[in-house]
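# Descriptive analysis of the structure
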Amino acid sequence: YYDKNRDNIQEKKSKITYCSLNKLMKVSDILVLTISLNKSTINLVNKKNLKYMKKSSYIINTSRGEIINEEDLYKSLKNNKIKGAALDVLKNEGDNKFFKNSNLIRYAKKNKNLIITPHISGATNDSWKLSEIFIANEIKKIIKRDCLEK
């Protein structure tokens, strides 16, 4: 695993091995990005380290679009430097102009080795049910409070 904030205790508990980002990219068949966005993680994945990945490897990003330099990922996919990618997030996904101008979007429409999904990983039946129950309970509290005030 790689993390800018290395956790020695967790390493011992989980029996996982820490390595540099470049080494992780070099040995990984599937690189899954589940990290927070901050100044140090913007464009963390870029042409400088994409070159270390195996041609048979995949990247999955469920974090934030800004984690990956999208133009560099596009070029890696287009030039068969990696096998594929699955993106649950894109850098400017709220901007309509982005969809018209994005090389990644155009590439995904014509190729099967790039999957782009809407950022709705938490939208499951269970999460919807829990949200509905939470909202109903909050409404009950408001109604109860209003009735007590009268």
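The preceding data block contains the structure.
Residues numbered from 1 in each chain as written. Predicted model: local features only at pLDDT ≥ 70, side-chain atom pairs only at ≥ 80, totals over all residues. Heavy atoms only, no water.

### Observations regarding the packing of aromatic side chains
Here is the rule: Planes of paired rings set the category: under 30 degrees apart is stacked, over 60 is edge-to-face and the rest tilted, where pairs are Phe, Tyr or Trp rings (Trp by its six-membered ring) whose centres lie within 6.5 Å. Comment: elements are numbered from the N terminus, with helices defined as DSSP H or I runs of at least four residues and strands as E runs of at least two. Per-residue accessibility, obtained with a 1.4 Å probe over protein chains only, is compared with the maximum for each type, and a residue is labelled buried under 20%, exposed over 50%, and partly exposed between these values.
Here the structure, examined in full by the defined rule, presents three aromatic pairs. Seen from their ring centres, tyrosine 1 and tyrosine 18 are 5.5 Å apart, and the 75° between their planes marks the pair as edge-to-face. One end of the pair, tyrosine 1, is in the segment before α1 (8–14); the other, tyrosine 18, is in the loop between α1 and α2 (21–27), with 17 residues separating them in the sequence. Of the residues examined, tyrosine 18 reaches a relative accessible area of 26% and is grouped as partly exposed.

### A closer look at the nonpolar core
Quick reminder of the rule: Throughout, nonpolar core names a set of buried Ala, Val, Leu, Ile, Met, Phe, Trp, Tyr and Cys residues whose side chains join them through atoms within 4.5 Å.
Counting 24 residues, the largest nonpolar core has Ile59, Leu73, Leu77 and Leu104 as its most contacted members. Among the secondary structure elements, those contributing two or more residues to this core are α2, β1 (30–33), α4 (70–78), β3 (84–87) and α6 (103–110).

### Observations concerning unusual backbone geometry
We note that asparagine 43 has phi near 55°; this positive angle belongs to a residue other than glycine. A positive phi angle, near 55°, is found at asparagine 80, a position not held by glycine. Within the secondary structure, asparagine 80 is located in the loop between α4 and β3. In this structure asparagine 80 comes out as exposed when scored by relative accessible area, which is 52%.

### Notes on the pairing of strand β2 (residues 58–61)
Selection rule: For two strands to count as paired, DSSP must find a minimum of two bridges between them. Looking down the strands as they point away from you, a crossover is right-handed if its path from the first strand over the helix to the second goes clockwise.
Residues Ile59 and Asn61 point to one face of β2 and are all buried, whereas Tyr58 and Ile60, pointing to the other face, are not buried. Across four bridges, β1 lies against β2 in parallel orientation. Each bridged residue has a counterpart across the sheet, and for leucine 33 the counterpart in β2 is asparagine 61. Inspection of the sheet shows β2 paired to β3 by four bridges, in the parallel sense. Bridging across to β3, isoleucine 60 finds its partner in alanine 86. At this point the chain moves from β2, through α4, to the parallel β3, and the crossover so formed is right-handed.

### Digging into the sheet that holds strand β4 (residues 114–116)
Definition in use: Under this scheme, a helix contributes an axis fitted over its contacting stretch, all axes are lines through C-alpha atoms, and angles between N-to-C directions fall in the 0 to 180 degree range. Contacts are assigned to residue pairs that have any heavy atoms within 4.5 Å of one another.
Spatial strand order, β1-β2-β3-β4: four strands in an open sheet with parallel pairing. Among the strands making up the open sheet, the edge pair consists of β1 and β4. Strand-to-strand twist of the sheet, defined as the mean angle between neighbouring strand axes without regard to direction, takes the value 5°. Running over the sheet, α4 touches β2, β3 and β4 and is turned about 145° from β3. Running at roughly 115° to β4, α6 makes contact with β3 and β4 of the sheet.

### Topic: the environment of asparagine 103
Examined against the element boundaries, asparagine 103 turns out to sit in helix α6. Sequence spacing of asparagine 103 and tyrosine 74 is 29 residues, and the spatial spacing of their C-alpha atoms is 6.7 Å. Excluding residues within four positions of it along the chain, asparagine 103 makes contact with Glu71 and Tyr74.

### What to know about α6
The line we're drawing: The arc refers to the directions leading from the helix axis to the C-beta atoms. In protein, a polar contact requires one atom able to donate a hydrogen and another able to accept it; more generally it is a pair of N or O atoms within 3.5 Å, and residues adjacent in sequence count only if both atoms are side-chain atoms.
Among all positions of α6, only Leu104, Ile105 and Tyr107 are buried. Buried positions in α6, seen along its axis, are confined to an arc of 165° and lie on one side of it. The exposed set on the far side of α6, more than 90 degrees from its buried face, consists of Lys109 and Lys110. The N-cap residue of α6 is serine 102: its side-chain oxygen and the backbone nitrogen of leucine 104 are 3.2 Å apart.

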